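# Secondary and tertiary structure notes
Single-letter residue listing:
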Amino acid sequence: MAGLNPVGGYEIDVLVQGYPGRSLYHGWLGWSTIVLLRGHRRVVLIDTGGFNQRKLLADRLSERGVTPGQVTDLLLSHSHFDHTMNWTRFRDARIAIGRVELEWCLQQPWGETEVPELYMRELQAWPGLRLLEDGEEVLPGITARLAPGHTPGHLIFILRGEDHDVIFLQDAVKNRAELVSRQIDMTYDAAVATATVEMVWGLWRSRPGSVVVPGHDLPMRLEDGLPRYLGERRAALAAWFSDNLQCTTEFELTADSLKSHS
Ligand SMILES: [Zn+2]
């Protein structure tokens, strides 16, 4: 993130921007945030995206000269497919997920939820697995906090910097609308989810200049009490509506280009 690095001895690189949208006709969209941290002799990924981001993630790492085998630590915020399914690409890393989350997701019925059942079952037995507890220091300067509401065992990761923190929210608070409204979409318990949003606000306000990184939106910093986006949103689709492959129609999926409903 330009102008913010390094924080707590880590270079922070948002490899993939999460997107704050849902598909109206094609089910779960799953465009989620993936972050690379480098520092303290570690190469750390926070979440992995889903199959749809598999090639993209490989390209983004390659552009930075990072091979999958060099990733030393993989931190998984929660078990949903759009955050976890590429753990198999980083099998040499230490793979960390919350103990509560893993126990919960293994109980979910097959074929019905956003949990990739077999990937999680395989992860449970993986030798490099590390189960995290609430409040545990995961890596130097990085603490995990239990943040339930989206899933019961969701973790956020707090990177302590010299003068400000970076809080990796992922789906605990997925986007700016959830942050500001303090309401969470897709929750099993609205009161639990709202308590987590309040906890996040408390953490965010506790150190001026701190940054949050949601799972489906751009990073934000507080300015005069309001979240301000860091960076520029990029999201678009190209479609073949003609009779050849050369001609495509492109759709920008940003606030400037589309009408909004309320
Ligand atoms: Zn999720």
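One can find the structure itself at the top, above this paragraph.
Attention here is on the structure that accompanies the text. (Residues numbered from 1 in each chain as written. Predicted model: local features only at pLDDT ≥ 70, side-chain atom pairs only at ≥ 80, totals over all residues. Heavy atoms only, no water.)

### Description of the pairing of strand β11 (residues 211-214)
Definition in use: Residue burial is assigned from relative accessible area. The probe radius is 1.4 Å, only protein chains are included, and a residue is buried under 20% of its type maximum, exposed over 50%, and partly exposed in between. Here a helix means four or more residues in a row that DSSP labels H or I, a strand means two or more in a row labelled E, and each is numbered from the N terminus. A pair of strands is considered paired only if DSSP assigns at least 2 bridges between the two.
Of the two faces of β11, both are covered, the one formed by V211 and V213 as well as the one formed by V212 and P214. In this sheet, β11 lies alongside strand β10 (residues 165-170) in parallel orientation, the contact comprising 4 bridges. Among the inter-strand pairings, I167 is bridged to a residue of β11, identified as V212. Note that β11 and strand β12 (residues 220-223) share 2 bridges and pair antiparallel. Bridge pairing in β12 places V211 opposite R221.

### Focus: the sheet that holds strand β9 (residues 155-160)
The cut-off we apply is this: Here the axes come from fitting lines to C-alpha atoms, over the contacting stretch only for helices, and the angles between their N-to-C directions go from 0 to 180 degrees. Only heavy atoms matter for contacts: two residues are in contact if any of them lie within 4.5 Å across the pair.
Judged by pairing direction, the sheet is mixed, and its 7 strands sit side by side in the order β7-β8-β9-β10-β11-β12-β13 without closing on themselves. Only two strands of the sheet have a single partner each, and these edge strands are β7 (137-139) and β13 (226-229). Neighbour-to-neighbour, the strand axes of the sheet open up by a mean angle of 30 degrees, direction not taken into account. For strand β8 (residues 142-146) and β9, the ladder comprises 5 bridges, and the chain directions are antiparallel. In the strand pairing of β9, T143 is matched with I158. Contacting β8, β9, β10, β11, β12 and β13, helix α6 (residues 190-206) crosses the sheet at an angle of about 70 degrees to β12.

### Brief notes about the environment of I46
If you trace the backbone, I46 turns up in strand β3 (residues 42-46). Separated by 107 residues in sequence, I46 and G153 have C-alpha atoms that sit 16 Å apart. Those residues in contact with I46, other than ones at most four positions away along the chain, are T33, I34, V35, L37, L75, F157, F168 and Q170.

### Some thoughts on the coordination of the zinc ion
Formally: Donor selection uses N, O and S atoms within 2.8 Å of the metal (3.2 Å for Na, K and Ca). Since no water is included, sites may look incomplete. For a four-donor site, all angles between 85 and 135 degrees give tetrahedral; for four or six donors, opposite pairs above 155 degrees with the remaining angles between 65 and 115 give square planar or octahedral; all remaining cases count as irregular.
At the metal site, the zinc ion is ligated by H78 (NE2), H80 (ND1), H150 (NE2) and D171 (OD), and these contacts range over 2.1 to 2.3 Å. Coordination geometry of the zinc ion: the 4 donor atoms subtend angles of 87 to 174 degrees at the metal centre, consistent with an arrangement described as irregular. All donors to the zinc ion come from one chain, and their sequence spacing reads H-x1-H-x69-H-x20-D. Exposure remark for H80: the relative accessible area of 5% places this residue in the buried category.

### Details of the sheet that holds strand β4 (residues 73-75)
Pairing between sheet strands relies on hydrogen bonds along the backbone, with the strands arranged either parallel or antiparallel. The 6 strands lie next to each other as β1-β2-β3-β4-β5-β6, forming an open sheet whose pairing is mixed. Each end of this open sheet is capped by a strand with a single partner; those strands are β1 (11-16) and β6 (129-132). Each strand axis lies, on average, 20 degrees off the axis of its neighbour in the sheet, ignoring direction. Across the sheet, helix α1 (residues 54-63) touches β1, β2 (34-39) and β3, and the angle it forms with β1 is around 145 degrees.

### Details of the side chain of E117
Quick note on the threshold: We count Lys and Arg on the positive side and Asp and Glu on the negative side, and we leave His and both chain ends out. By definition, a salt bridge exists where a carboxyl oxygen of Asp or Glu is found within 4 Å of a side-chain nitrogen of Lys or Arg.
Checked against the element boundaries, E117 lands in helix α4 (residues 117-124). Despite its burial, E117 pairs with no opposite charge, the nearest such side chain being R121 at 9.3 Å. For E117, the contacting residues outside a window of four places in its chain are P109, W110, G111 and E112.

### Side note on the packing of aromatic side chains
Under the convention used in this document: Think of it this way: a Phe, Tyr or Trp ring, Trp meaning its six-membered ring, pairs with another when their centres are within 6.5 Å, and the plane angle makes it stacked under 30 degrees, edge-to-face over 60, tilted otherwise. We call a charge positioned above a ring when the Lys NZ or Arg CZ atom is no farther than 6 Å from the ring centre and deviates by at most 35 degrees from the ring normal.
Per the stated rule, a full pass over the model turns up 6 aromatic pairs. On the numbers, 5.2 Å between centres and 45 degrees between planes, the contact of W201 with W204 is tilted. In this pair, W201 and W204 both sit in helix α6, 3 residues apart, roughly one turn of the helix. According to the relative accessible area criterion, W201 is buried, its value standing at 3%. The ring of Y229 has R176 sitting right over it, with the charged end atom 6.0 Å from the ring centre.

Read these as spatial facts, not as claims about activity.
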